[in-house]
Amino acid sequence: MPNYRFLGNSGLKISEITYGNWLTHGSQVENDVATQCVHAALDAGITTFDTADVYANTKAEQVLGDALKGQRRESLEIFTKVYWPTGPGGANDSGLSRKHVMESIDGSLKRLGTDYVDLYQAHRFDQSTPLEETMQAFADIVRQGKALYIGVSEWTADQIRAGHALSKELGFQLISSQPQYSMLWRVIEDEVVPTSRELGLSQIVWSPVAQGVLSGKYLPGQPAPAGSRATDANGSRFIQQFMTEDVLTRVQQLKAVADELGLTQAQLAVAWVLQNDNVAAALIGASRPEQVAENVKASGVVIPAELLAKIDEILGDVVER
Ligand code: NDP
């Protein structure tokens, strides 16, 4: 069973291993496998699920909603997001205008088969809509009970600070930020994390296994294993940033660290992001149920300082900071 952590300075507790369905549900994997992954997550004690309207152009929300049917709603924390266009793409079908936000939440709730989401997240910052307009729309959604809490994703520290100030004026509070974070991608450490700590937000971090790369299954100079994200027609373009000879060679050297802790490399990667106390959850993906069962065991693992230093030494300058 994963441990729980509070999301920001709210009273909401979420499972520190959270399951997300980007690139998998409604796309890479068939619906029955998607359902098996969701049930593997539930069996392992994961109660927090993350999706977005844009994943598989709305299909991912539908598949997740179907897979969660029959579960006790109060025992789940369901998160989704708004920003990118879904459907045919009319002039107002993207961004964070009041029109798009108010219309999107209703579509998401319908597909997820629920009256409310626990967390509604701005998937990106919208430079072309006044922040006041977006925050007022979020305040109204909270007041209507369609979302219980509001978060953001991939916002800079300054954007978080501005959004947080407005949210407080409007009677609610941003409580989370959802950035990319892994041993290979540490961009948030200098600004987003200190600002979030100061303001009472925590991080729900995506791609903690670097999309599978940190599991160690991609060997330098060898073809990617069949059925992996690197071979998926849609997903392969996202993983390319990590598929260099240098990265893959260094990742193989992390096996010695994982072995010392009795972990698999994927478990080491998930445990690593959870060593940061501003991280509320490692947001894992999975294309098969066994991966969920394996990765959830990272909850509660403590990585000693000397092994954290060893990881830094092995990865050296391939880490994005
Ligand atoms: P991960 O880094 O956890 O990668 C998941 C993928 O890695 C799996 O689908 C699987 O792919 C492979 N994998 C995972 N565990 C193992 C294992 N033990 N052994 C071998 N392979 C493994 O996260 P994702 O990149 O999937 O992102 C997770 C979630 O984060 C998303 O579902 C979404 O909710 C969120 N997200 C948010 C974004 C945002 O902008 N806010 C952007 C991207 C993601 P395979 O088997 O196909 O190789």
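Draft legend 1. Geometry of the pattern of salt bridges. Applying the stated rule across the entire model yields 16 salt bridges. Asp 317 serves as the salt-bridge partner of Arg 250, at 3.7 Å between the closest nitrogen and oxygen. You can see Arg 250 sitting in helix 8 (residues 245–253) and its partner Asp 317 sitting in the segment after helix 12 (305–315), a full 67 residues away along the chain. Each member of the salt-bridge network shares a partner with another, and the members are Arg 98, Asp 140 and Arg 143.

Draft legend 2. Quick peek at the nonpolar core. Counting 87 residues, the largest nonpolar core has Phe 49, Tyr 120 and Val 213 as its most contacted members. Of the residues forming this core, the biggest block, eight residues, is contributed by helix 10 (residues 265–274). One finds Leu 7, Leu 12, Ile 14 and Ile 204 within the second-largest nonpolar core, a separate group that totals 11 residues.

Draft legend 3. Layout of the pairing of strand 5 (residues 77–82). Among the six residues of strand 5, six are classified as buried, and the element is accordingly described as predominantly covered. Residues Glu 77, Phe 79 and Lys 81 line one face of strand 5 and the alternating positions Ile 78, Thr 80 and Val 82 line the opposite face, and both faces are buried. In the sheet, strand 5 pairs with strand 6 (residues 117–122) via four bridges, with the strands oriented parallel. Residue pairing in the sheet places Phe 79 in a bridge with Leu 119 of strand 6. With helix 3 (residues 98–112) bridging strand 5 and its parallel neighbour strand 6, the resulting β-α-β unit is right-handed.

Draft legend 4. Summary view of the packing of helix 2 (residues 59–67) against helix 3. Their axes nearest at 7 Å, the elements helix 2 and helix 3 cross at an angle of 40°. When the interaxial angle is binned, helix 2 and helix 3 end up oblique. Residues Glu 61, Gln 62, Leu 64 and Gly 65 of helix 2 touch helix 3, and the partners they reach there are Gly 107, Ser 108, Arg 111 and Leu 112. Its residues placed into classes, the contact of helix 2 with helix 3 shows two nonpolar, four polar and two charged.

Draft legend 5. Focus on the environment of Leu 12. For Leu 12, the position within the fold is in the loop between strand 1 (4–6) and strand 2 (13–15). Along the chain, Leu 12 and Val 301 lie 289 residues apart, while their C-alpha atoms are 22 Å from each other. For Leu 12, the residues in contact, after removing those within four places along its chain, are Arg 5, Phe 6, Leu 7, Glu 77 and Tyr 149.

Draft legend 6. Highlighting the layout of surface pockets. Quantified by volume, the largest pocket comes out at close to 890 Å³. Trp 22, Leu 23, Ser 207, Gln 211 and Arg 229 are, among the 43 residues lining the largest pocket, the residues nearest its centre. Elements supplying a minimum of two residues to the lining of the largest pocket: helix 7 (236–239), strand 10 (279–284) and helix 11 (289–295). Sorting elements by how many residues they give to the lining of the largest pocket places helix 11 first, with four residues. Classifying every residue of the lining of the largest pocket gives 15 nonpolar, 20 polar and eight charged.

Draft legend 7. Quick peek at the packing of helix 1 (residues 31–43) against helix 2. Put simply, helix 1 and helix 2 touch, their axes get as near as 9 Å, and they point 55° apart. In terms of orientation, helix 1 lies oblique with respect to helix 2. Handedness of the helix 1/helix 2 crossing: right-handed. Note on element contacts: helix 2 touches helix 1 through Val 63, Leu 64 and Ala 67, opposite Asn 31, Ala 34, Thr 35, Val 38 and His 39. In the contact of helix 1 with helix 2, the residues fall into five nonpolar, three polar and no charged.

Draft legend 8. A look at unusual backbone geometry. The phi dihedral of Leu 23 is positive, around 70°, even though this residue is not glycine. In this structure, Leu 23 sits in the loop between strand 3 (17–20) and helix 1.

Draft legend 9. Looking closely at the sheet that holds strand 8 (residues 174–178). Around the barrel, which closes on itself, the eight strands sit in the order 3-4-5-6-7-8-9-10 with parallel pairing between neighbours. Within this sheet the neighbouring strands show an average axis-to-axis angle of 30°, counted without direction. Sheet topology note: the strand 7 (residues 147–153)/strand 8 ladder contains four bridges and is parallel. Each bridged residue has a counterpart across the sheet, and for Ile 150 the counterpart in strand 8 is Leu 174. Relative to strand 10, helix 10 is tilted by about 155°, and along the sheet it contacts strand 3, strand 9 (202–206) and strand 10.

Cut-offs applied
- Residues numbered from 1 in each chain as written.
- Predicted model: local features only at pLDDT ≥ 70, side-chain atom pairs only at ≥ 80, totals over all residues.
- Heavy atoms only, no water.
- Salt bridge = Lys/Arg side-chain N within 4 Å of Asp/Glu carboxyl O.
- Helix = DSSP H or I, 4+ residues; strand = E, 2+ residues; numbered from the N terminus.
- Core = buried A, V, L, I, M, F, W, Y, C linked by side-chain atoms within 4.5 Å.
- Buried < 20%, exposed > 50% of the residue type's maximum accessible area, 1.4 Å probe, protein only.
- Pairing = 2+ DSSP bridges.
- Right-handed = clockwise from strand over helix to strand, strands pointing away.
- Axes fitted to C-alpha atoms, helices over the stretch in contact; angles between N-to-C directions.
- Parallel < 35°, antiparallel > 145°, perpendicular 65-115°, else oblique.
- Contact = heavy atoms within 4.5 Å.
- Nonpolar A, V, L, I, M, F, W, Y, C, P; charged D, E, K, R; others polar.
- 1 Å grid on protein atoms, 1.4 Å probe; cavity = no way out; pocket = protein on both sides within 12 Å on 5 of 7 lines; lining within 4 Å.
- Points joined across faces, edges and corners; volume = space filled by probe spheres on them.
- Left-handed = near helix turned anticlockwise from the far one by under 90°.

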